[in-house]
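What follows is the residue order along each chain.
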Amino acid sequence: MITILGYTLIGIGIVFWLWGTWPMLGKRSVLFKLHSLSVADTLGSMSIIMGLLLKIPREWPLLLLALISLAIWNTVLGYVLAYCSTGGRYD
Amino acid sequence: MIGYLDLLLRLTIWFLLTADLSPANIMIGVSVALLLPRRFTRTPALLKDWLRVLWNIIIAIPQAYFEAIEIMLRPHTEEDTTLEQVQPNRTPGLIFLDIFVITFTPKTIVLRYRDDAYKVHRIRRRKPS
Amino acid sequence: MNGVLIIMILILLIPLYAAWKDDDIWQTMLAFASVATKTSIMILVISVLRDDWMIGVVGVLILSVGNASLMLLAHILKRLNE
């Protein structure tokens, strides 16, 4: 049961990765791609790590740390990229 | 008023990193957390504000997944920017967490922060009329 | 799990192609940020696959140091453009 749940979470993560990375090939603005990358790289990766956590609960402290730092760093990187790519003025 | 929440955060990271609850390790963790430089702010953050922001983070996780599924099923193709008010008397830590919560959900990203407002970029399904 | 890894590598090709194709520096930065996250997740998956937690520790360390260099680079590029 736990194993199936783990594989399901990993599968959801892979689907998020594929869906969120696909728009990178298109010709949209950087900000639009950032929205879909936050689906892929933050939420999809969090789901994959949750799946791994269910597969090896023995290593929960390190995987939990990975989960937290992934969420924080990816979100902050999204903010920094959005901030830096839109020029320096309040317009 | 020392930032005991700050201390708690450092200890949590330490114990997750080492995964060891022996007395020696607890002593090392506490002393490192106390020795690292801290910033003393004039107006300490209220515990009530912190609890509310932490609650917002817990709500934000399922909400983020919900929004992700929503924009997967129905394509959101239009983009625009809006201004959101900042609540008064926020400390830098609380502002950081506010920005974190807004940017974490896939539909919204904070672009700029000013004293009174966040500039938020969001995607939506159709053009705002 | 092998299949999962192969799909991940195929998905990894998308940002690599985007980084190669685009001339705009911000699109390239975006692609590399994506590559950085995806490879560190792949390191974690490989460590589970091979049941070798030493590899996993490396992945966790990479994730917790984060993309600090990319953030610094973004700020430098912003200064250059001003």
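Residues numbered from 1 in each chain as written. Chains lettered and ligands numbered in written order. Predicted model: local features only at pLDDT ≥ 70, side-chain atom pairs only at ≥ 80, totals over all residues. Heavy atoms only, no water.

S.K.: Please explain the pattern of salt bridges as it appears in this structure.
M.R.: Side-chain pairing between opposite charges can occur once the charged atoms of the two side chains come close. Tallied over the full model, the rule gives seven salt bridges over all chains. Across the pair Arg-28 of chain A and Glu-79 of chain B runs a salt bridge whose closest N-O atoms are separated by 3.0 Å. You can see Arg-28 of chain A sitting in the loop between helix 1 (2-21) and helix 2 (30-55) and its partner Glu-79 of chain B sitting in strand 1 (residues 78-85), one on each of two chains. Among the residues examined, Arg-28 of chain A registers a relative accessible area of 29% and is labelled partly exposed. (Salt bridge = Lys/Arg side-chain N within 4 Å of Asp/Glu carboxyl O. Helix = DSSP H or I, 4+ residues; strand = E, 2+ residues; numbered from the N terminus. Buried < 20%, exposed > 50% of the residue type's maximum accessible area, 1.4 Å probe, protein only.)

S.K.: It is not clear to me how the nonpolar core should be interpreted in this structure. Could you clarify?
M.R.: One recurring pattern in soluble globular proteins is that nonpolar side chains are buried together. Among the nonpolar cores identified, the biggest contains 48 residues, and Ile-49 and Leu-63 of chain A, Phe-104 of chain B together with Met-8, Ile-41 and Leu-44 of chain C are the most heavily contacted of them. Mapped by element, the contributors of at least two residues to this core are helix 1, helix 2 and helix 3 (60-85) of chain A, helix 3 (47-73) and helix 4 (92-104) of chain B together with helix 1 (2-21), helix 2 (25-50) and helix 3 (53-65) of chain C. Element by element, the count of residues in this core is highest for helix 2 of chain A, at eight residues. Among residues more than four places away in sequence, those in contact with Leu-63 of chain A are Ile-49, Leu-52, Leu-53 and Ile-56 of chain A together with Leu-44 and Trp-53 of chain C. By size, the runner-up hydrophobic cluster in this structure holds 25 residues, among which are Leu-37 of chain A together with Met-29, Met-71 and Ala-74 of chain C. (Core = buried A, V, L, I, M, F, W, Y, C linked by side-chain atoms within 4.5 Å. Contact = heavy atoms within 4.5 Å.)

S.K.: I tried to follow the pairing of strand 3 (residues 117-124) of chain B on my own but got confused; where do I start?
M.R.: Successive residues of a regular strand alternate their side chains across the two faces of the sheet. Residue and element names in this part refer to chain B. Summarising burial for strand 3: six of the eight residues are buried, a large majority. Pairing geometry for strand 1 and strand 3, over eight bridges, is antiparallel. Its bridge partner being in strand 3, Asp-80 is matched across the sheet by Arg-122. Bridge count for strand 2 (residues 108-113) against strand 3 is five bridges, and the pairing is antiparallel. In the sheet register, Val-110 faces strand 3, and the bridge partner there is Val-120. Connecting strand 2 to the antiparallel partner strand 3 that follows it, the hairpin turn spans three residues. (Pairing = 2+ DSSP bridges.)

S.K.: Would you mind going over the confidence of the model for chain A with me for this structure?
M.R.: Caution is warranted with low-pLDDT regions, since their predicted coordinates should not be read in detail. Confidence in the prediction for chain A averages 86 pLDDT; 95% of positions are at 70 or higher. Mean pLDDT across the elements of chain A ranges from a minimum in helix 3 of chain A, with 87, to a maximum in helix 1 of chain A, with 90. (pLDDT = per-residue confidence, 0-100.)

S.K.: Could you clarify how one ought to interpret the interface of chain C and chain A in this entry?
M.R.: In many analyses, interface size is given as the accessible surface area lost on bringing the parts together. If you look at the interface, chain C gives 41 residues, while chain A gives 41 residues. With both chains or domains summed, chain C and chain A bury close to 3,600 Å², and 80% of this area falls on carbon and sulfur atoms. For chain C, the biggest contributors to the area lost against chain A are Leu-30, Trp-53 and Met-71 of chain C; these three give 17% of the whole. A salt bridge links Arg-58 of chain A to Asp-51 of chain C, with the shortest nitrogen-to-oxygen separation between them at 3.8 Å. For the pair chain C and chain A, the number of links is nine residue pairs in polar contact (both at pLDDT 80 or more). Elements supplying a minimum of two residues to the side of chain C that touches chain A: helix 1, helix 2, helix 3 and helix 4 (68-81) of chain C. The element that contributes the greatest number of residues to the side of chain C that touches chain A is helix 2 of chain C, accounting for 13 residues. Residue composition of the side of chain C that touches chain A, by class: 27 nonpolar, seven polar and seven charged. (Buried area = accessible area lost by both parts, 1.4 Å probe. Polar contact = N/O pair within 3.5 Å; in protein donor to acceptor, adjacent residues only side chain to side chain. Nonpolar A, V, L, I, M, F, W, Y, C, P; charged D, E, K, R; others polar.)

S.K.: It is not clear to me how the environment of Arg-58 of chain A should be interpreted in this structure. Could you clarify?
M.R.: Residues and elements named next belong to chain A. Mapped onto the secondary structure, Arg-58 falls in the loop between helix 2 and helix 3. Accessibility expressed as a relative area gives 57% for Arg-58, which makes it exposed. Engagement of the side chain of Arg-58 in a polar contact is seen with the side chain of Glu-59, the distance being 3.3 Å.

S.K.: Just checking my understanding: could you explain the interface of chain A and chain B for this structure?
M.R.: Taken together, the contacts link 34 residues of chain A with 31 residues of chain B. Both sides together, the interface formed by chain A and chain B hides about 2,800 Å², and carbon and sulfur atoms give 73% of it. Here chain A is connected to chain B by nine residue pairs in polar contact (both at pLDDT 80 or more). Contributions of two or more residues to the side of chain A that touches chain B are made by helix 1, helix 2 and helix 3 of chain A. Counting residues per element, the side of chain A that touches chain B draws most heavily on helix 3 of chain A, at 13 residues.

S.K.: Could you clarify how one ought to interpret unusual backbone geometry in this entry?
M.R.: Outside of glycine, negative phi angles account for most residues, and trans bonds account for most peptide bonds. All names here are of chain C. Look at Asp-51: it is not a glycine, yet its phi comes out positive at around 55°. As for its placement among the helices and strands, Asp-51 is situated in the loop between helix 2 and helix 3. Judged by relative accessible area, Asp-51 falls into the exposed class, the value being 58%.

S.K.: Could you clarify how one ought to interpret the packing of aromatic side chains in this entry?
M.R.: By convention here, two paired aromatic rings are described through the distance between centres and the angle between planes. Throughout the structure, instances matching the rule amount to five aromatic pairs over all chains. Measuring from ring centre to ring centre gives 5.8 Å for Tyr-113 of chain B and Tyr-118 of chain B, while their planes differ by 40°; the resulting arrangement is tilted. Taking relative accessible area as the criterion, Tyr-113 of chain B reaches 28% and is therefore assigned partly exposed. The class for Tyr-118 of chain B is buried, based on a relative accessible area of 3%. Here Tyr-17 of chain C and Trp-20 of chain C contribute two aromatic rings whose centre-to-centre distance is 5.7 Å and whose plane-to-plane angle is 45°, an arrangement assigned as tilted. A residue pair is termed a helical-turn pair when its members lie 3 or 4 positions apart in one helix, as Tyr-17 of chain C and Trp-20 of chain C do in helix 1 at three residues. Taking the relative accessible area as the measure of exposure, Trp-20 of chain C reaches 66% and is therefore exposed. The positively charged end of Arg-28 of chain A is found above the aromatic ring belonging to Phe-32 of chain A, 3.9 Å away from the centroid. When the ring centre of Trp-17 of chain A is taken as origin, the NZ or CZ atom of Lys-38 of chain C, which lies over that ring, is 5.1 Å away. (Phe/Tyr/Trp six-rings, centres within 6.5 Å; stacked < 30°, edge-to-face > 60°. Lys NZ or Arg CZ within 6 Å of the ring centre and 35° of its normal.)

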